[in-house]
Amino acid sequence: MIQLQFFARYRDVLGRDAEQMPWDAELRTLEDVRARLLARGEAWQVLAEQRLMCARNQELCNLSTPVVDGDEVAFFPPVTGG
Amino acid sequence: MRIDVQTASFDPGELLNQLHADHRGTGAVVGFVGYVRDFNDGDPVSGMWLEHYPGMTEKALADIVEQAQARWLLHEVHVLHRVGQLEPGEPIVFVGVASAHRQAAFEANTFIMDYLKTRAPFWKRESTPQGERWVDAKHSDEQALSRWQSPGESS
């Protein structure tokens, strides 16, 4: 399983803050995870944003970062703290 | 290093004094306090909600402080960021840096704030007369990082 998390505006648009995605060998990178989500339909296109940020196991990463079974993967808009 | 992510407010003066209390070799303490404004992007703001990524937030802040400690000789660093509901005029964030001399303290403080604004997982949602809206990230915040990076480096 991949533990998916969504934050802020993405969570609002997607109507969920977390879900589990069954893992399979074709999920090699965060880009593969995102592609599965984008294929679900219109609301999910929010994840196609150029400035999307992502994290693997609670560390910032990029879409080419590898994923393995059991990882926690988060997608979120650019951060606005401070 | 001290990292706090909390809903409770804080007294910046008290935090500044604590940074000096345990280090008699400290000659400089630089503190930054960020506050909620009552105005943003041309609209009055009546309140703000701060969301974060529990677990990652603390790690991201500690990582930023470690990077600062690797660049400057610092005696103590305290980063405090509030989450939850905030009102205009309330303090949101405190970054305090103690060092022997002022230059390291000023620079490290700016470095930590620049990275906090662009790398720590916090998101602001503000209340305006038109309703609630997520605050957009500013390109200028991302550009501010370039002063700390050598050519070709992107993170």
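Preceding block: the structure.
Here's a quick rundown of the structure. These numbers come from a predicted model, not from an experiment. (Residues numbered from 1 in each chain as written. Chains lettered and ligands numbered in written order. Predicted model: local features only at pLDDT ≥ 70, side-chain atom pairs only at ≥ 80, totals over all residues. Heavy atoms only, no water.)

**Examining the overall build of chain B**
Okay, step 1: Along chain B, the regular secondary structure elements total 4 helices and 10 strands.
Okay, step 2: Counted from the first residue to the last, chain B has its helices and strands arranged as β-α-β-β-β-β-α-β-β-β-α-β-β-α.
Okay, step 3: The C-alpha radius of gyration of chain B comes to 16 Å, within 12% of the 15 Å expected for a compact globule of 155 residues.
Okay, step 4: The 155 residues of chain B split such that 46% are buried.
Okay, step 5: Here chain B has roughly 7700 Å² of accessible surface; of this, 50% comes from carbon and sulfur atoms. (Helix = DSSP H or I, 4+ residues; strand = E, 2+ residues; numbered from the N terminus. Rg over C-alpha atoms; globule rule 2.2 N^0.38 Å. Buried < 20%, exposed > 50% of the residue type's maximum accessible area, 1.4 Å probe, protein only. Areas by Shrake-Rupley, 256 points an atom, 1.4 Å probe, with all protein chains shown as cover.)

**Focus on helix 2 (residues 30-38) of chain A**
All names here are of chain A.
Okay, step 1: Of all the residues in helix 2, the buried ones are L30, V33, R34 and L37. One face of helix 2 carries all of its buried residues, which in axial projection span an arc of 95 degrees.
Okay, step 2: On its buried face, helix 2 is in contact with strand 1 (2-6), strand 2 (18-21), strand 3 (53-56), strand 4 (59-61) and strand 5 (72-76). (Arc of directions from axis to C-beta. Contact = heavy atoms within 4.5 Å.)

**Quick notes on unusual backbone geometry**
Residue and element names in this part refer to chain A.
Okay, step 1: Positive phi, close to 50 degrees, is recorded for N57, a residue that is not glycine.
Okay, step 2: Looking at the element boundaries, N57 is found in the loop between strand 3 and strand 4.
Okay, step 3: Positioned with a positive phi, Q58 is a non-glycine residue whose angle comes to about 65 degrees.
Okay, step 4: Relative to the helices and strands, Q58 is located in the loop between strand 3 and strand 4.

**Some thoughts on the sheet that holds strand 5 (residues 47-52) of chain B**
Residues and elements named next belong to chain B.
Okay, step 1: Pairing in this open sheet of 4 strands is antiparallel, and the strands run 7-5-9-10 from one edge to the other. At either margin of the open sheet sits one strand with a lone partner, and together these are strand 7 (84-86) and strand 10 (131-134). Within the sheet, the average angular offset between the axes of one strand and its neighbour, ignoring direction, is 25 degrees.
Okay, step 2: Here strand 9 (residues 122-128) runs beside strand 10; their pairing, made up of 4 bridges, is antiparallel. Within strand 10, the residue paired with T128 across the bridge is G131. (Pairing = 2+ DSSP bridges. Axes fitted to C-alpha atoms, helices over the stretch in contact; angles between N-to-C directions.)

**What about the side chain of T29 of chain A?**
Residues and elements named next belong to chain A.
Okay, step 1: Here T29 lies in the loop between strand 2 and helix 2.
Okay, step 2: T29 sits in the buried class, given a relative accessible area of 19%.
Okay, step 3: A polar contact is formed between the side chain of T29 and the backbone nitrogen of E31, at a distance of 3.2 Å.
Okay, step 4: Leave out the neighbours within four places in its chain, and T29 touches L63, S64, T65, P66 and V67. (Polar contact = N/O pair within 3.5 Å; in protein donor to acceptor, adjacent residues only side chain to side chain.)

**Things to note about the environment of S64 of chain A**
Residues and elements named next belong to chain A.
Okay, step 1: Residue position: S64 is located in the loop between strand 4 and strand 5.
Okay, step 2: With a relative accessible area of 54%, S64 lands in the exposed category.
Okay, step 3: A distance of 2.7 Å separates a polar atom in the side chain of S64 from a polar atom in the side chain of N62.

**A few points about the state of the cysteines**
Residues and elements named next belong to chain A.
Okay, step 1: Within this structure, the stated rule accounts for 0 disulfides over all chains.
Okay, step 2: Take C54: it sits in no disulfide, and the sulfur closest to it among the cysteines is that of C61, at 4.0 Å.
Okay, step 3: C61 gets classed as partly exposed once you look at its relative accessible area, which sits at 22%. (Disulfide = S-S within 2.5 Å.)

**Some words on the packing of helix 2 (residues 56-71) of chain B against helix 3 (residues 102-119) of chain B**
Residue and element names in this part refer to chain B.
Okay, step 1: Where helix 2 meets helix 3, the axes come as close as 10 Å, and the angle between the chain directions of the two elements is 150 degrees. Put simply, helix 2 runs roughly antiparallel to helix 3. Crossing geometry of helix 2 relative to helix 3 is assigned as right-handed. Seen from helix 2, the contacting residues are A60, L61, I64, Q67, A68 and R71; seen from helix 3, they are F111, I112, Y115, L116 and R119.
Okay, step 2: Of the residues contributing to the contact of helix 2 with helix 3, the split by class is 8 nonpolar, 1 polar and 2 charged. (Parallel < 35°, antiparallel > 145°, perpendicular 65-115°, else oblique. Left-handed = near helix turned anticlockwise from the far one by under 90°. Nonpolar A, V, L, I, M, F, W, Y, C, P; charged D, E, K, R; others polar.)

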